[in-house]
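# Examination of the molecular architecture
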Amino acid sequence: MHSFGHRLNGLLTFSVTILAIMCAIASLSDNLNAPSPTAEIKIMNINWFQKQPQGNDEVSLTMNISADLQSLFTWNTKQLFIFVAAEYETPKNSLNQVSLWDAIIPAKEHAKFWIHTSNKYRFVDQVCA
Ligand SMILES: *[C@@H]1O[C@H](CO)[C@@H](O)[C@H](O)[C@H]1NC(C)=O
C-alpha cells in the first residue's frame, strides 16, 4: 500500500515544505527590523593645509566621529563596513568624493562608539588635471 518510494516522497515533500516556510519566515523577519542608525562628525582641528608639488591642495583634519549603529545588527548581520567620505563641489568637478576614514564593526557591542582621529586616507583636492 505505502511503498518505500511513497514514504520517501512524502518525507521529502514535507521536509522541503518546512524548509520553504522557514526561509520565508527568516526573510520576512528581517523586514520587521526598522533600523535607526545615527552618526555625527565634528571637525576638531585642521592640522595642516598644503599645496603639493604638482599643485593639488591637501589637508589633514582631526575629527570626532560618533555613531550609534546598534540597530543595524540583527541575526542576519555579520559585520558592518563603515566609511566617512567628503563630498563637495568645485568649479572643476560638480561632485568630488574623497574617502577619509573607514572601519569594520565586527559586533553589536562595538557599534556604539566615538573616535577622535585624523583622516586615515589622504584628503587631496584635484586642482590640476
Ligand atoms: C566626541 O563626541 C562624543 C559624542 O558627541 C563625546 O562624547 C566625546 O566626548 C567627544 N570626544 C572628544 C575628544 O571631543
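Here, every reference points to the structure presented above.
Only a predicted model underlies this, so the values are computations on that prediction, with no experimental measurement involved.

Calculation criteria
Every chain is numbered on its own, with residues counted from 1 as its sequence reads. Local features in this predicted model are restricted to residues whose pLDDT is 70 or higher, and side-chain atom pairs enter the listing and the counts only when it is 80 or higher, whereas totals over whole chains, interfaces and linings include all residues. Where side-chain values are given, they derive from all heavy atoms of the structure, hydrogens and water being excluded. For patches, a residue must show more than 30% relative accessible area and have no salt bridge; joins then use 9 Å for like charges and 5 Å for nonpolar side chains, namely Val, Leu, Ile, Met, Phe, Trp and Tyr. Only the protein chains shown count as cover for residues, with accessible areas throughout obtained via the Shrake-Rupley method and a probe of 1.4 Å. Every case where a carboxyl oxygen of Asp or Glu lies within 4 Å of a side-chain nitrogen of Lys or Arg is listed as a salt bridge. Each helix is a run of H or I in the DSSP string that is no shorter than four residues. Each strand is a run of E no shorter than two, and both are numbered from the N terminus. When at least one non-hydrogen atom of a residue lies within 4 Å of a molecule or strand, that residue is treated as near it. Polar contact criterion, stated in full: a pair of N or O atoms within 3.5 Å, where within protein one must be able to donate a hydrogen and the other to accept it, and residues adjacent in sequence count only if both atoms are side-chain atoms. Put simply, buried Ala, Val, Leu, Ile, Met, Phe, Trp, Tyr and Cys residues joined by side-chain atoms within 4.5 Å make one nonpolar core. Three labels apply to residues, based on accessible area from a 1.4 Å probe with only protein chains included: buried if under 20% of the type maximum, exposed if over 50%, partly exposed otherwise in between.

### Some points on a nonpolar patch on the surface
Nonpolar side chains collect at one region of the surface, where Ile41, Ile43, Ile46 and Phe49 lie side by side and expose about 420 Å² of accessible area between them. Mapped onto the fold, Ile41 is located in strand β1 (residues 38–51).

### Examining the site of the ligand
In the vicinity of the ligand, the contacting residues are Lys42, Met44, Asn64, Ser66, Trp114 and His116. At 2.3 Å, a side-chain N or O of Asn64 approaches an oxygen atom of the ligand. Protein chains bury 54% of the 360 Å² of accessible surface belonging to the ligand in isolation. Only β1, β2 (57–68) and β5 (112–118) provide two or more residues apiece to the shell around the ligand.

### Let's talk about the nonpolar core
Counting 19 residues, the largest nonpolar core has Leu69, Ile82, Leu100, Trp101, Ile105, Phe113 and Phe123 as the members making the most contacts within it. When contributions to this core are tallied by element, the ones reaching two or more residues are β2, β3 (80–88) and β4 (96–105).

### Regarding the pattern of salt bridges
A full pass over the atoms with the stated rule returns three salt bridges. Between Lys51 and Asp57 there is a salt bridge; the shortest N-O distance is 3.2 Å. Judged by its relative accessible area of 56%, Lys51 is exposed. Arg122 is the partner of Glu58 in a salt bridge, and the nearest nitrogen-oxygen pair spans 2.7 Å. Here Arg122 lies in the loop between β5 and β6 (123–125) and Glu58 lies in strand β2, a separation of 64 residues in the sequence. What makes Glu58 buried here is its relative accessible area of 4%. Overall, Arg122 belongs to the exposed group, its relative accessible area being 56%.

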